[in-house]
Every structure is written in structure tokens, then in C-alpha cells.
There are 4 protein chains.
Amino acid sequence: MIRFNNDYNCGAHPKILEALAATNNESYGGYGIDSWCEKAAAEIKKHLGSAQADVHFLVGGTQANFTVITAALRPYQSVVCADSGHINAHETGAVEHCGHKILALPGTDGKITAAQIAQEAELYRTSDIQEHITQPKLVYLSYPTEFGTIYSKKELEDIHAVCQEYGMYLFLDGARLGYGLGSEQSDLSMADIARLCDVFYIGGTKCGALFGEAVVITDKSLRTDFRSYIKQAGGMLAKGWLLGLQFYVLFKDGLYFEITKKADEYAMELKKAFIEKRIPFYIESPTNQQFVTLADADAQKLAEKYTFEFEKKIDETHSCVRFCTSWSSKEEDIQELIRDIKNL
Amino acid sequence: MIRFNNDYNCGAHPKILEALAATNNESYGGYGIDSWCEKAAAEIKKHLGSAQADVHFLVGGTQANFTVITAALRPYQSVVCADSGHINAHETGAVEHCGHKILALPGTDGKITAAQIAQEAELYRTSDIQEHITQPKLVYLSYPTEFGTIYSKKELEDIHAVCQEYGMYLFLDGARLGYGLGSEQSDLSMADIARLCDVFYIGGTKCGALFGEAVVITDKSLRTDFRSYIKQAGGMLAKGWLLGLQFYVLFKDGLYFEITKKADEYAMELKKAFIEKRIPFYIESPTNQQFVTLADADAQKLAEKYTFEFEKKIDETHSCVRFCTSWSSKEEDIQELIRDIKNL
Amino acid sequence: MIRFNNDYNCGAHPKILEALAATNNESYGGYGIDSWCEKAAAEIKKHLGSAQADVHFLVGGTQANFTVITAALRPYQSVVCADSGHINAHETGAVEHCGHKILALPGTDGKITAAQIAQEAELYRTSDIQEHITQPKLVYLSYPTEFGTIYSKKELEDIHAVCQEYGMYLFLDGARLGYGLGSEQSDLSMADIARLCDVFYIGGTKCGALFGEAVVITDKSLRTDFRSYIKQAGGMLAKGWLLGLQFYVLFKDGLYFEITKKADEYAMELKKAFIEKRIPFYIESPTNQQFVTLADADAQKLAEKYTFEFEKKIDETHSCVRFCTSWSSKEEDIQELIRDIKNL
Amino acid sequence: MIRFNNDYNCGAHPKILEALAATNNESYGGYGIDSWCEKAAAEIKKHLGSAQADVHFLVGGTQANFTVITAALRPYQSVVCADSGHINAHETGAVEHCGHKILALPGTDGKITAAQIAQEAELYRTSDIQEHITQPKLVYLSYPTEFGTIYSKKELEDIHAVCQEYGMYLFLDGARLGYGLGSEQSDLSMADIARLCDVFYIGGTKCGALFGEAVVITDKSLRTDFRSYIKQAGGMLAKGWLLGLQFYVLFKDGLYFEITKKADEYAMELKKAFIEKRIPFYIESPTNQQFVTLADADAQKLAEKYTFEFEKKIDETHSCVRFCTSWSSKEEDIQELIRDIKNL
């Protein structure tokens, strides 16, 4: 089977395994206080446009999400996000388990707008029963979204402005950050994101690492004792250097950007093939996830050779499915799928 | 000012104050282990059609809601309710603070249907990523709802059936239970509710008591150590007999049902006056809360003499407002308001 | 039976019931925004020596304790208190349920010392694994303690100084505050407590009210959105004026201090009787709770006429028991008990 | 520097890195549903003496601890453990953050006894204020303990019996399980542990893996939806096969037992050297952690060449320090340290 079902179905970029092997007999301090974490943070900071940031390495995305949110919010404060946001739809209520309500806004393409956020914030500000409702205090965006869509610089700036106006934190979940920045349609850089967000994370798990997410905190108030939150949440890896080392390999020479950009290009080739075949898109995505509405017969045929993710039934004979390229996708597999799409 | 703003703006029924005065020098055991709580529970059980129930007396509604939900759910389980449900809209995220996600279903009139609940439950049952989403395990209804509407026996039986099918608890918030049962449109009795729900509470605060809600647990599994949940949640009144005594007075001779029924009748008189004046209803309610769409000029005029609750702007010149009768409403005040409505 | 088992086994001071009756037909705003809460807060503030305080009225002690602690602490911060502290020993783990570790210090007489607190704080400050342990951030004292003992002004000033040095909040649980201040051994005033503590509460339930605790917040940072915490915790009484009214009655003319002082005097008479009878004290208490070590035969004899609380077995034939006077104790009952002690 | 500071300062056993490299281009299902996790579970089960167990692979120990405890307890239930227990002393209050009180029992050597546990359980069972205290429901042991000591089969059987009698879960934290079982003083097998405990975990992080802990659940009631707890707690690794693969390598041919036993033997050689040098032990340990009381001058000298962990000051001129051997310790380093001990 050729796997297009997701972007975390293979180990790691070979350079990471090499680095792990090369340092396997070395000894390091525990819990993320080591030279590799330091070096990795330094490499990441080069992209931020400012040294005023803390970088922490966590193991996984759900963990990163609820740790950041726990650190940011008081018990009566809530999170604003798209109803399709990962924290709302796919994390077993982890944010609520940590005590916080999610105010989920309808987002047709996985995105929410500055206007929607402002409306929610205004509702609270003008309420005369404030103590009976939660205070929206943090905006959670994913970039790219769960549907592969991305915010433009203008959109992110507008959201940032709303957050500033209402005293809300802006938190960007970059589990697939590389695929977002690598899109030809993206007009954002990591420096833009660092400038506009109070905290975000750089996904490793889906972008070439064995595992790991690098949380970047630019807001001063969020930095206090953040390591205590990580430890309490079970996110502090004993052999923390394993995370630092991986991010160092990914960021030292731009490998991170290179491999995710390549995956985006592959996705665009698939996209072109679907367009030519007049297979409609469920949602228009400029990144590595492509959502199409396939005839079930076609889906069945492709499923003999490829894995891809079933999303939902569209009608009696059609379904929305996701084809996902990744840092580990191979040229020949892409070409084979393109041929098979043509032959549908 | 004549108050129609809510049903908790006066002290208590005089008989309650009399009973408090009569027992003021008596000594009782603490924390709800006393003769009055026993007697009150016995009176309430007479209405349940079964002695197989535990009755606990708590101070307030939010407390009762989250205590029951905490006792019923494991951390990964969630609550299904209407988006207008009190726990979702007016309790500062208390349920989420206790760790549970609320799956809020759209309910145009404050109610949700068996079909909606079944759909949500089915979504989980058929999910192949169950561990990534929460398990809907408890259905929360309010009776009457926050819009004054009520479920019919058929509707409640259907919801009960869905809950049975999917192994979900059915919890009914009866903060205004008297006003629901007292409605001429109600075809439910307390015995029906006890038969169809696993747990519910009988509101005292809004129905003639100084304060207090009587939680009735019919489901066996929910009864275990419930007092531990009450104490932990801060809901165990030191002088628990104050609660028992009040409910005893309300239930001994049917006072509870009498005074709330009267309030419903008053509300129907107001309703008639609005209909005759062709003032449209925002929502059709058969209980003590009446939601009308008033011209702002009319609202302003009435506001000189009456308090009522502003709900929301409807258009440039109209607003939805709530007139609420209560156990403490007086005949002459009702008639005066009716006259003033006629004169608008 | 004559009750000396606790100080919450009777209704309320008659003046409170009178005030409730007198205002029963009045209408008030809900949730603690009303004229009685305002007036009560004003009366209380007269005793504080500063108007810079917020006063909130909650229903019960456990609720007040965990609401204050929830508002004060971040998830990785902990509470320092005596092992016998009410929050540690008698509240079903409510503080831990809210997410916070309690660092319980051994306190032979219910009290802890500035030195003990400093040691705990220093342990954290000098730790090189701070993120692996909790940060002691709030000191919880009870005044009087669960053993009836009280802190001297010097002791409280020393604890205050340690809290200042280490950036910890000082929180005083005054569920029996009146009995503490009313002791002839007390050299503290409410103004002292307000000056030395960041937050404390004035117990109503055990000091003449039907129920209710007045939380006084002097620290600025703790005041932010405190009403949101109250509501979320289920502590916001719908008919909040019932609380305000009671505290107004208690504080307007010093009734609160008068009735608790009287109870202390009664306790001192009992104490004298025990001393004369050479019945040893389990702990020396200058307030309304008296802990003595009784021969079981004597206890059995007294138990025929009086209720008192068994605390624990001391040896084969002796037990520690508590005799508790209260605002509702009657002169003749005290004298009768004294006679019976003499006749043991 | 030669590292004896802990047992997690090196990468992984070379065979693990080889296996990772060999499978790096393979694709697997996500979130622990894959062939390696299956195979690893099968290998582990061979040691359990029963196939009636669920095996789950988590990333770290703190995570494993609070996930198990969250799954096992209701909000008013508490954990019994030694005061030196990892969950009590080194996890930033994670258990309390999850809502549960820890009842910490004094344990001079890191262990607690069946009698201590029974006393705590009896205190609850015989309490007449049960709802005011927490219910001890789970016993947490570490094997070996934080001081390197181990329970004998008799001791564990006695604790098991108490747990059965009082309806408590027995949970064994085996972060260093290999070093416990590998001790010449151990009379326990994994089958014994599986038989006597309701749930335990097999530490990978400290025993040869890059990271990972295998949670083994033998009790039926604890198995329900355990994956939901893992996901919600952020412990579900996207590339779950990385965990399965590592445990497969460790358990297939007994590598796990071999490398930890070797470390124990090294530790016994160090122990012998200390004994011969008449350097006293802070605590007598039969496993890979050796706690000695060193003269500060000697410690300083050794610190020039070796890392070891400072524990605490003993007196003006002596300190307790820990020397820790591990699966990665090398024969020549052990011999060098022995020589240097002799030359002190």
C-alpha cells in the first residue's frame, strides 16, 4: 500500500536518525536542560526576528495545546476557536478536562475571522451578567487548519488587532506549520507569526521528526514558570535532548522548510490531477492535505493501492476523502497516483 | 416598582418564615442528617411513585447541576444539552471547570429532540476514532426550559428511550419545576419525571423557598457516595435542616404545586393581554416566563412602573423582553399590568 | 438533650429572623447586587481600618475556602497549612479537587509558625528542580484553629512578614472569627487581620447567622473578577440579599462581637470547672471550643444529658471530647453542666 | 565526565536504534494501533502468567502515573503512598492537578507497609463523617522505590491482601522495574506483580529505551476506555509504533532483564567498595541506586571526574549523594570509580 492517509505514518527524516545514532552514547542533562535544546532554540530564534522568546520542546500536539491554554487562562476564562479546531474536535475534550470552556465559532473552511472573534469578545465586554458567562481570553487558530487552509498575513493581522483590543492571547497551533509556510499561497513567515502571536508551536511530528513540537512563547506574561506547567502536564521528556536534537537537525540548514515545501508541491500536482479529472474539491486547500469528493466506486478502486482518509458521506454515491502528502512522500508514488487518477 | 423581572426577587412563602421562626431555638444534627430532611424527603417521595430514590438538599442550581454531572461522568465523557441550556449559557463554564465538555445542540425553543440526541450518540458509537472524541453520556434538559417551554410526556419518553438505548443518563434541571408541572399544557407528573429521568431536581429558590434545590436520584449507580460529592463541591449546608424544613413546608400539603400553578395562571392572563394587543411572542411559552417582542417605546413606558428583563435587540425599534410571574406575584399587580398593556 | 456538640446546631439570632420577616415582601436585585449587601459591606469595612477592600457574601465555609484558593493560585502552586487545617482534614479534598496540592505542616495545637512556613518556602526557592515540585504560594490559617487556639498579633505579624518575603498570599479562615476575637487572650482586632492578611472571611454560620461567610479581600490582585469565581463555584446565592441582611444585622451594632464574646466567657466558665475538677485538657484553648480528656465513665454519664463531640481515644479508659459553647448557649445550661462536672 | 547521576542520561540500547533505522521507511497506523504495539504486548504478556491484561504504551512516567490514577478514581477518592513516592515528591502536584488528594504515609526507606495502609483504610471505613474526608481507593507503590529499595513477595502479598479487603486498587510504578527484578535480593517475578497488582507499568525510559512506559492493566474495571484517558491526557503518541517497537526489542529475547540485571551487579560492586571503605549508606539499597553519606571533601574530589546526585546535607561536613548505575554503564567506568573510592 502506498500511504496518503496522513503525514505521520513514517519514522523520521534520515538525518534525524543519523543524528540520534551519532549521539547515542553521549550523556546529557535531563528534562530539556541540555546543549541540543539550547542549540535548537537558537536556530529557531534566528527565524523569529527577535530574541525575546522562550522555546520549549514538548512531545505531542494535544499536550502542547492544553499546556499552553492551562498556562494562559484563569478558571473562568475560555477559548475562542473554529468548531473544526483540533482542540474542539479531536482531543477528547482535553481543554475542558483542564477546566476551560471552548467557544466554538462556525468556520466553513476551518478558519475564523477577526469579525467573528470581535463579536464574541464584544458580547462579553457589553454583558451585564459577566460573572455568569466565561471571559473569552485566548484565540486558538491552527495554521494550516484541519482542512489545509491558511490565513493570509492580512487576516492574521486583523485577528491580532482584535486580540490586542480585547486583551486576548493569540495562540497558533502549527502542528503542520511547515506545510502552511511552504505553500505557494502563503504570504507569512515565521517572523510574522512570532510578531502576531503570543504563543505558537512548530510541529515536528508531522514535519519530519519522530515526534516533538516546539512551543515558542513571545508574550512575556506567558513565560513565567512555563516549565512547571510542562512537568505537571506530563510533557517534560526525561531525555529532553532527543527533542532538541531533532529540531536542531530540522532547523540548522532549513531542512524543515525544504521537506514540507516539497510535500506541498506534490499536493499541488495531485490537485492539478483532480482538477483535470473534474473531481470536485470538498474544500480548496493550498497545502499538503487535499479534500476531494470522490465517487464511491472511484474511492474503492484507489483504495486497492493507496491509503487515504475517509472523512464523511456526501451523498448516496459520493464521499469526501483526504489525500495527504508528507515530508516522506516519494516522487514515484505521487506520479503513480496521478496516473491512477487520470485513469479513473 | 412592581417586579416581573424574575421569580427570585422576594423572600419566601410566609409559611416558610413561620416554620423557621417556630424551630429557631431547636437543635439539630448538622449537614443534612436531621429530622426535617428526613420528613421532607418522605413527602417528596410520596409524589415519585416509588420509594427507590435518594433525596438530597442543596443550596443552589448551579451547584446542583455540576454536582450531579460530576458524580455521573468520567473525565472523557460529555454532556448533551440545548445551546440555551442553563449549564451552557449561564453558569460561567462550571461544567467545563469540572472537566466535562458540553455538546450543545441547536434548540430554537430551548428544547432538544430525541432525534438530535440519538444522532449525537450515534456519531460516537459509530466513530472509529472514539478515543479522540468525548463520549456523550448524560443528557441535560431543563423543565421548563430557559424559554419557559415544556416537554410533553411523549417527548420525554422518546428522549428516555434514546438514553436507554445508548446508555446515557437523563438529568432534568427543575429549577422551575413547579411552573412546568403547573402549566395547563403539561401532561407530566412528578412520578412521570421520576420514572423517565435518572436524576432531577426540584427547584425551591424560584418556587417559594428562601433557597434550596432538592436533588432526586432514582438511578442506583448515581447514588453511591453522593454526599461526598456534595461536600466536596461546597454544597453541604452546615444547618441542613433549614433546607429540609423549607421543602417539608412546601410539599406537606401541596403548597409547592399550588403557588406555582397560580403563577402560571397569572402568566396566562398576561399572555392573553399581549395577544389581544397583538404584541408578538418571541417564543410561545405555557409557563410563568413570557417572552414578547415589544416596541422600544412601549418597553420604556412600562419600565417606568415595572421591572422586566431585557433579552436582546430584535431590530432597530424592537426588543425581546421577559415578563416573569412568580409564587409571590400579587393579583392586583397582575391586573395593573394588564391594564397598562391594554393602554399601550 | 442540652447541646454542646458544636456551634451550628441552632437557627439564627432572633434579630436575624426578625429582619428576614420584616423584609420578606420586599423585592431585591439578584446575585448579591442589592442594598443589603452594600450596607453590610459598609458596616464590615468600618472595622477594617481601610476602605480598600472588597466584601463578598458566600453561603458556606468549604465553598469560601476553595473559591479563594482557586482565585489565588495557578495550577502548579500549592497551599501551606497545618495538618489539622480544615481544608486538609475536613473538606473531602476540595482543594485538591480544584487542582492544588496542600503542603500540610505538623501543628501540635492547630497552629503553624512563621519559621515552618519560611522553611517550606525556602525549600522551593533554593530548589534546583523547581519545575518538579509545587510552588508554595498561599498560606492558609484558621483563626481560631480547629482546636480553638489563636494566633497572637506577634505570631500573625511574623507570618505576614514571611509571606511578604516569599511573595505568598496570606489567607485566614475565620469560620469562628468572632470566638477568636472575643477571647480575652486575643490581642488582635479585625483591622489587624485586614492589615496582615490578603484575604480572610468572617464566619456567619457558626456565629449567629442562619448561614453565610463574608469574604474580605484586601489584596488588589485577588479582587479581579472574583464574582466570576463565586458563580463558577456555585457560591452565588440567587437571593444574595439574604446574606447581606444577616451580616448587616450582625455588624450594625456589634451584635456579632457581643454574642461570640459571651460564648467565650461561657467556655471559660466550663474551663474553670474542668480545672477545678482536675480534668486535663487535650489542648489549651482560650475560645469557645474546649477539648478535655475525660474518663469514659464520666463521658458516658454526661452523655445522658448533654451532647458533645467525641474526638478520639486517648487510652483504654479515656477519650478526648469537645465541649462547644455558642452564640445560642444559655446561662442555665452552662450552670447545669458546671454542676454536673463538679459532681463527676 | 563519567556519569553516575541518573539512569536516563544516554540514548537507547543500540539494538533499539538499529530497529528504528530498519523500519524508518515503513508506514504504520497511528496512535498505537499497529503491528509493533501488538507484538510488544504479546511479548510482555508472555511474562504475565495470564493473557487477561491490556498493555498500553505511554511516553513518560508522570503521564503514566496520573493517567492511571485519573482512570481509577472518582473525584472524592484519594491515593495512599509513601511520602517519598514520586507522585508526591517529584511531579509538580500532577495528581492533585487531576483532582485527587494524596494521603502520604511516612516511609523511612521509601516503602510503606500493609499495616500502614490498613490503618488508613480503616480510618475511613470506621469514620462517621465519611463524606467530609476522602476515600482512600488506590495504593501507589514504586518498585524499586525512589531510594532503590524493593518489596519482598511477602510484603507485596500482604499489601495486596489489604487492598482486596478494603476494595482498593493496587498500582505499582515500575519506572525502574528492571532494576528491581534484576536485584539478587528480589524474590518477585513479573508474573507475581501482574497477579498482585491491578495495574503497573514497565519503565522503558530508565531501562534501555529512548523513552516509553508500558502500562499493564490486569483489573477488568480499569480497562474500560483507557485509550480515551490516554488521549485526553496527551499521552497518545501519534507514531505509537515507536513505543511498541522499542518494547518489542527489549522484551523479545529478554534484553530488558539482561541489561538491568547487569546494572544492578555493577551497583553491588560499588556497594562493596563503599563498604570496604567504611563509607556509610544513607539507605541500604539492593538495586542500581546507591545512597551514601560522603564527606564533602571526598564528594568534591570524586566530582572532578564523575557526576552523581546531591541529595541533602547530613551535617556540617557530610552529604547524602546518589550514585546510579544504568543499562548504559560501562565496565571500565565502574572499575575506575571503584579504584577512586578505594583511594579516597
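Scroll up to find the structure this text is about.
So, here is what we can say about the structure in this document. Please read these numbers as outputs of a predicted model, since none were measured by experiment.

**Some thoughts on the overall build of chain A**
Along its length, chain A carries 14 helices and 13 strands. Expected size for 344 residues packed as a compact globule is a radius of gyration near 20 Å; at 20 Å, chain A falls within 12% of this value. The dimensions of chain A, computed from C-alpha atoms along their principal axes, are 60 × 60 × 35 Å. Across the 344 residues of chain A, 59% fall into the buried class. Looking at chain A alone, contacts between residues at least 24 apart form 74% of all its contacts between residues at least 6 apart.

**Observations concerning the sheet that holds strand E10 (residues 289-295) of chain C**
All names here are of chain C. The strand order E9-E10-E13-E12 describes an open sheet built from 4 strands, whose pairing is antiparallel. Taken across any chain shown, the strands that pair with only one partner, and hence form the sheet edges, are strand E9 (281-283) and strand E12 (309-315). Within the sheet, the average angular offset between the axes of one strand and its neighbour, ignoring direction, is 35°. Where E10 lies against strand E13 (residues 318-324), 7 bridges are found, and the strand directions are antiparallel. Bridge pairing in E13 places Gln289 opposite Cys324. In the packing of helix H12 (residues 255-276) onto the sheet, the strands contacted are E9, E10 and E13, and the crossing angle to E10 comes to about 25°.

**Focus on the environment of A:Glu122**
Along the chain, A:Glu122 turns up in helix H6 (residues 114-125). Expressed as a C-alpha distance, the spacing of A:Glu122 and A:Lys330, which sit 208 residues apart in the sequence, is 49 Å.

**Some details on the relation of the copies chain B and chain C**
Mapping chain B onto chain C calls for a rotation angle of 180° and an axial translation of 0.0 Å; the resulting RMSD is 0.0 Å. On the angle and the small slide along the axis, the relation comes out as a two-fold axis. Both copies contact each other with a shared surface, as 100% of the interface residues of chain B are interface residues in chain C too.

**Things to note about the interface of chain B and chain C**
Across the boundary between the two partners, chain B contributes 39 residues, which contact 39 residues of chain C. Sorting the residues of the side of chain B that touches chain C by element identifies helix H1 (14-22), helix H3 (61-72), helix H5 (94-97) and helix H10 (226-232) of chain B as the ones contributing at least two each. A total of 4 residues in the side of chain B that touches chain C trace back to one element, the largest contributor, which is H1(B). Across the side of chain B that touches chain C, the residue classes tally to 17 nonpolar, 19 polar and 3 charged.

**Topic: the packing of helix H12 (residues 255-276) of chain B against helix H14 (residues 331-342) of chain B**
Residue and element names in this part refer to chain B. Look at H12 against H14: their axes get within 9 Å of each other, and the N-to-C directions meet at 10°. What the angle tells us is that H12 and H14 run roughly parallel. Judged by residue contacts, Tyr266, Glu269, Leu270, Ala273 and Phe274 of H12 engage Ile334, Leu337, Ile338, Ile341 and Lys342 from H14. When grouped by side-chain class, the residues that make up the contact of H12 with H14 number 8 nonpolar, no polar and 2 charged.

**Focus: the relation of the copies chain A and chain D**
The two copies are related by a screw motion: chain A maps onto chain D through a turn of 180° and a shift of 0.0 Å along the axis, at an RMSD of 0.0 Å. Residue by residue, 100% of the interface of chain A is reproduced at the interface of chain D, so both copies engage with the same surface.

**Points about the nonpolar core**
Within the largest apolar cluster, 223 residues are counted, with the highest numbers of intra-cluster contacts made by B:Val139, B:Phe171, B:Val216, C:Val139, C:Phe171 and C:Val216. Each residue touching C:Phe171, except ones within four places of it in the same chain, is listed here: C:Val68, C:Leu138, C:Val139, C:Tyr140, C:Cys197, C:Asp198, C:Val199 and C:Phe200. If you look at the next biggest cluster of nonpolar residues, it comprises 221 residues, including A:Leu210, A:Leu270, A:Ile341 and D:Tyr282.

**Here we look at the pairing of strand E7 (residues 199-203) of chain A**
Residue and element names in this part refer to chain A. Burial of E7 is extensive: 5 of the 5 residues sit out of reach of the surface. Here E7 shows a buried face lined by Val199, Tyr201 and Gly203 and a second buried face lined by Phe200 and Ile202. Relative to E7, strand E6 (residues 169-174) runs parallel, the two being bridged by 4 bridges. Directly across from Gly174, in E7, lies its bridge partner Ile202. Relative to strand E8 (residues 213-217), E7 runs antiparallel, the two sharing 5 bridges. The residue bridging Phe200 from the neighbouring strand is Val216, located in E8.

**Structural notes on the interface of chain A and chain D**
Chain A puts 39 residues into the contact, and the matching count from chain D is 39 residues. Of all the elements in the fold, those that place two or more residues in the side of chain A that touches chain D are helix H1 (14-22), helix H3 (61-72), helix H5 (94-97) and helix H10 (226-232) of chain A.

**Observations concerning unusual backbone geometry**
Omega for the peptide link from A:Tyr143 to A:Pro144 comes to -10°, which places this bond in the cis form. Tracing the chain through its elements places A:Pro144 in the loop between strand E5 (135-142) and helix H7 (153-166). Residues other than glycine seldom take positive phi values, yet B:Tyr31 does so here, at roughly 60°. On the secondary structure map, B:Tyr31 appears in the loop between H1 and helix H2 (35-46).

**Side note on helix H3 (residues 61-72) of chain C**
Since one α-helical turn is 3.6 residues long, residues separated by three or four positions face the same way. All names here are of chain C. An ideal rise of 1.5 Å per residue puts 16 Å on 12 residues; H3 measures up with 16 Å between its terminal C-alpha atoms. H3 sits mainly inside the fold: 12 of its 12 residues count as buried. When we look at burial in H3, the residues that qualify are Gly61, Thr62, Gln63, Ala64, Asn65, Phe66, Thr67, Val68, Ile69, Thr70, Ala71 and Ala72.

**Quick word on H7(A)**
All names here are of chain A. Over its 14 residues, H7 extends 20 Å from the first C-alpha to the last, a length consistent with the 20 Å expected when each residue adds 1.5 Å. Regarding H7, the residues found buried are Leu156, Ile159, Val162 and Cys163. Taken down its axis, H7 places every buried residue within 120° of arc, on the same side. Facing away from the buried surface of H7 by more than 90 degrees, the exposed residues are Lys154 and Gln164. Lining the buried residues of H7 we find H6, E5, E6 and helix H9 (190-196). Directly beyond the C-terminal end of H7, a positive phi value near 65° is found at Gly167.

**What to know about the environment of D:Val55**
Residue and element names in this part refer to chain D. In this structure, Val55 sits in strand E2 (residues 54-58). Along the primary structure Val55 and Ala42 are separated by 13 residues, whereas in three dimensions their C-alpha atoms are 8.9 Å apart. If we skip the residues at most four places from it in the chain, Val55 touches Ala41, Ile44, Lys45, Ala214 and Val216.

Each value, and the rule that gives it
Residues numbered from 1 in each chain as written. Chains lettered and ligands numbered in written order. Predicted model: local features only at pLDDT ≥ 70, side-chain atom pairs only at ≥ 80, totals over all residues. Helix = DSSP H or I, 4+ residues; strand = E, 2+ residues; numbered from the N terminus. Rg over C-alpha atoms; globule rule 2.2 N^0.38 Å. Buried ≥ 20, exposed ≤ 12 C-beta atoms within 10 Å, placed from the backbone. Contact = placed C-beta atoms within 7 Å. Pairing = 2+ DSSP bridges. Axes fitted to C-alpha atoms, helices over the stretch in contact; angles between N-to-C directions. Least-squares fit on C-alpha atoms with pLDDT ≥ 70 in both. Nonpolar A, V, L, I, M, F, W, Y, C, P; charged D, E, K, R; others polar. Parallel < 35°, antiparallel > 145°, perpendicular 65-115°, else oblique. Core = buried A, V, L, I, M, F, W, Y, C linked by C-beta atoms within 7 Å. Expected span 1.5 Å × (residues − 1). Arc of directions from axis to C-beta.

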